[in-house]
Amino acid sequence: MKNNIIKKIEEIIGKKNVLLSSEDKSKYLVEWRNRYTGKAQAILRPKSTKEVSLLLKLFNKNNISVTPQGGNTGLVGGQITYSSKDFIVSLERMKKLISFNKIDETMVVQSGMLLSEIHAICEENDMLFPLSLASEGSCTIGGNLATNAGGVGVLYYGNTRDLTLGLEVVLSDGSIINLLKTLKKDNTGYSLKDLFVGSEGTLGIITAASLKIFPKPREKFTFLASSRSPKKSLEFLRMIQKNTSTPLTSFEIMNNNSIETVLKNINGAILPISEEAEWYILIEFSSYEKNLDAVDKINEIVNLGLEKKIISNAVFANSKKQSKQIWNLRENISEAQKKDGASIKNDISVPIFAVDEFIRKADLIVSKEIPKAKKITFGHLGDGNIHYNISQPENLSQDSFFKLEKPLREKLLSLIVKMEGSFSAEHGIGIVRKKDALKIKGDEIKIMKSIKKSLDPKNILNPGKIFD
């Protein structure tokens, strides 16, 4: 016989949107890499903000915990609940386009809309939403907002927070806070929307968002270059920025291990550079006019980089197909690494000048702690965010590999602290990095806890995430 709470939930969102069987719940309870498996009494799929509000009123009254979930693509276990008494509220049915204003360059969407669907709407209207992630076919804008996702366009366009004008949020008691203004300027007190962006669902459930959109670039110039080191790559980045006014929208670096892993594990992957290199740089410019002078200027800078031996090779994409082939190398790194077995992922941010030093010192730590482990290192050099991932060696079982994770992380964390960096640039804290957060952000955690208590006094929203 169904318990009373389930009956009340069914009255709010309908029986078919309350998933109770193990089979139906499974895809919502397993993290993308299969590292974390959760538990839940049920998965709930509301269709509207009103339904989310009614659910939270019910949960608040009965002291029931709930975890909001977007596309379940997070990497720190923050989108899953781990108690069979708790519920997951999936926003996947809330994917309506509320408004699209080309003149104001804004769009308002429900939070369950896939990032790829937002891109498609913009494409149809000759506009651009510049947030771009490898998981864009499955992640939702609500999840992007909850974790303040970064991606490959941060160098020019900023993080998700920078692309957000307003939010609609349901608080723990069911109150609906409408902050969906599309104003570019509104200096009337605290910026509440910034409080919810990056809060990982612990302060409220984001149900809709007003987003900035941009004119679609007329031309994109993509090329792949090779370099001896991140230090040389940074030198090339600064050379580009000082010598051209054409917007540089992406500057990604990838070590040789990353490229080799993609070529081995992804069908159809092609490396257009014939000579093997230690590091590769993916560079993309976006121009709002068809300008041959821009092409000439870019060529001039590349040739100068080759002349001064800052880079050792460069290949331009001369078609959309070739551009896609180059981007596939970058976008498939995580998927390719997954096929090689277990991995320890580190989402590091350090001052840009210190990226080269961090990687060199981190490599020494890994070589000592886990000999024969392959370092898969790539990321957004222009903003100092490096994904420093370690693949399971062939001579170690998965269990043995993960037993080495804790001492390795402690040493890497010490290095990050010394370099005044961050242990999480864009993935968040979730359950995985709580101890790290408490260790190095103790004073900030105290303030966060007071904010949490103010907005969620019964601690029913995603409890146990970010801090205990």
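See the structure shown above.
Every chain is numbered on its own, with residues counted from 1 as its sequence reads. Only residues with pLDDT of at least 70 are given local features in this predicted model, and only at 80 or more are side-chain atom pairs given and counted; all residues enter the totals for whole chains, interfaces and linings. Side-chain figures throughout are based on the complete set of non-hydrogen atoms in the structure, without hydrogens or water.

Asks: I'd like to hear about the overall build of the chain, residue by residue, with values.
Replies: Across its full length, the chain holds 17 helices and 19 strands. In this description the radius of gyration comes from C-alpha coordinates, and the expected globular size is given by 2.2 Å times residues to the power 0.38. The globule rule puts the C-alpha radius of gyration for 468 residues at 23 Å, and the 23 Å found for the chain is close to it. Structurally, the chain occupies a C-alpha span of about 75 × 55 × 45 Å along its principal axes. When a residue's accessible area, from a 1.4 Å probe over protein chains only, is under 20% of the maximum for its type it is buried; when over 50% it is exposed; and in between it is partly exposed. For the chain, the proportion of its 468 residues judged to be buried stands at 53%. The contact definition used throughout considers only heavy atoms, calling two residues in contact when any of these lie within 4.5 Å. For the chain, contacts bridging at least 24 residues in sequence account for 73% of all contacts bridging at least 6. Comment: elements are numbered from the N terminus, with helices defined as DSSP H or I runs of at least four residues and strands as E runs of at least two.

Asks: Could you give an account of the sheet that holds strand β3 (residues 66-69), naming the residues involved and the relevant values?
Replies: If you trace the 4 strands from one edge of the open sheet to the other, you get β1-β2-β4-β3, paired in mixed fashion. With partners counted over all chains shown, the strands left at the sheet margins are β1 (18-19) and β3, one partner each. For β3 and strand β4 (residues 87-90), the ladder comprises 4 bridges, and the chain directions are parallel. Note on β4: the bridge partner recorded for T67 is I88. If DSSP finds at least two bridges between two strands, the strands pair.

Asks: Describe the nonpolar core, naming the residues involved and giving the relevant values.
Replies: Counting 52 residues, the largest nonpolar core has F236, F251, I283 and F358 as its most contacted members. In this structure, I283 is in contact with F221, T222, F223, F236, I240, L248, S250 and F251, ignoring residues within four places of it in sequence. Counting 28 residues, the second largest nonpolar core, distinct from the first, contains L128, A149, L163 and L167. Here, nonpolar core refers to any group of buried Ala, Val, Leu, Ile, Met, Phe, Trp, Tyr and Cys residues whose side-chain atoms link them within 4.5 Å.

Asks: Tell me what's going on with a nonpolar patch on the surface, and back it up with residues and numbers.
Replies: Among the surface-exposed residues, Y190, L192 and L195 lie close enough to one another that they form a single nonpolar patch of about 350 Å² accessible area. Topologically, L192 is positioned in helix α7 (residues 192-196). What goes into a patch is any residue over 30% in relative accessible area without a salt bridge, connected to like charges within 9 Å or, for nonpolar side chains (Val, Leu, Ile, Met, Phe, Trp, Tyr), within 5 Å. With residues, only the protein chains shown are counted as cover, and all accessible areas are computed by Shrake-Rupley using a 1.4 Å probe. Between Lys or Arg on one side and Asp or Glu on the other, a salt bridge is scored when a side-chain nitrogen of the former is within 4 Å of a carboxyl oxygen of the latter.

Asks: Describe the environment of I344, listing the residues and the values that go with them.
Replies: Within the element layout of this structure, I344 appears in strand β16 (residues 343-344). What makes I344 buried here is its relative accessible area of 0%. Contact partners of I344, with chain neighbours within four places excluded, come to I370, Y388, N389, I390, F401, F402, E405, L408 and R409.

Asks: Could you give an account of the side chain of N256, naming the residues involved and the relevant values?
Replies: Tracing the sequence through the fold places N256 in helix α9 (residues 256-265). We classify N256 as buried; its relative accessible area is 14%.

Asks: Requested: an account of the sheet that holds strand β9 (residues 176-179), with residues and values cited.
Replies: Taken in spatial order, the 5 strands make up an open sheet running β5-β6-β10-β8-β9, and their pairing is antiparallel. The open sheet is flanked by β5 (97-101) and β9, the only strands paired with a single partner. On average, each strand axis in the sheet is inclined to that of its neighbour by 10 degrees, with strand direction left out of account. With 5 bridges connecting them, strand β6 (residues 106-110) and strand β10 (residues 205-212) associate as antiparallel partners. Directly across from Q110, in β10, lies its bridge partner A208. In this analysis an axis means a line fitted to C-alpha atoms, helices contributing only their contacting stretch, and an angle means the value between N-to-C directions, from 0 to 180 degrees. Helix α3 (residues 49-62) contacts β8 (164-170), β9 and β10 of the sheet and is inclined by roughly 45 degrees relative to β8.

Asks: Which residues make up the side chain of T106, and what values go with them?
Replies: Mapped onto the secondary structure, T106 falls in strand β6. The class for T106 is buried, based on a relative accessible area of 3%. Setting aside chain neighbours within four positions, we find T106 in contact with F100, N101, L165, T182, K184, L211 and I213.

Asks: Lay out the packing of aromatic side chains in plain terms, naming residues and giving numbers.
Replies: Note on ring pairs: Phe, Tyr and Trp rings are taken, using the six-membered ring of Trp, and paired if centres are within 6.5 Å. Classes follow the plane angle, with under 30 degrees stacked, over 60 edge-to-face and the rest tilted. Evaluated as defined, the whole model comprises 7 aromatic pairs. Ring pairs connect the aromatic residues Y156, Y157 and F214, which therefore count as one cluster. For a ring to carry a charge above it, either NZ of a lysine or CZ of an arginine must fall within 6 Å of the ring centroid while also lying within 35 degrees of the normal to the ring plane. Geometry around F402 places R35 over its ring, the cationic atom sitting 3.7 Å from the centre.

Asks: Outline the environment of E289, listing residues and values.
Replies: Position of E289 among the secondary structure elements: in the loop between β14 (279-287) and α10 (292-307). According to the relative accessible area criterion, E289 is partly exposed, its value standing at 47%. Along the chain, E289 and L455 lie 166 residues apart, while their C-alpha atoms are 47 Å from each other.

Asks: How would you summarise the environment of N187 if you had to cite specific residues and measurements?
Replies: When you line up the elements, N187 lands in the loop between β9 and α7. Overall, N187 belongs to the exposed group, its relative accessible area being 76%. Note: C-alpha distance between N187 and G204 (17 residues apart in sequence) is 23 Å.

Asks: Outline the packing of helix α1 (residues 4-13) against α3, supporting the account with residue identities and numerical values.
Replies: When two helices pack together, their arrangement is captured by the angle between the axes and the distance separating the axes. Following both chains from N to C, one finds α1 and α3 inclined at 165 degrees, their axes separated by 9 Å at the closest point. The orientation of α1 with respect to α3, classified from their angle, is roughly antiparallel. Every pair of crossing elements has a handedness; the one defined by α1 and α3 is right-handed. Within the contact between the two elements, α1 uses I5, K8, I9, I12 and I13 and α3 uses E51, L54, L55, L58, F59 and N62. Per-class residue counts for the contact of α1 with α3 are 8 nonpolar, 1 polar and 2 charged. Note that the term roughly parallel is reserved for angles under 35 degrees, roughly antiparallel for angles over 145, roughly perpendicular for angles of 65 to 115, and oblique for everything else. Crossing handedness: left-handed means the near helix sits turned counterclockwise from the far one by under a right angle, and right-handed means the same turn made clockwise. The residue classification treats Ala, Val, Leu, Ile, Met, Phe, Trp, Tyr, Cys and Pro as nonpolar and Asp, Glu, Lys and Arg as charged. All others, Gly included, are polar.

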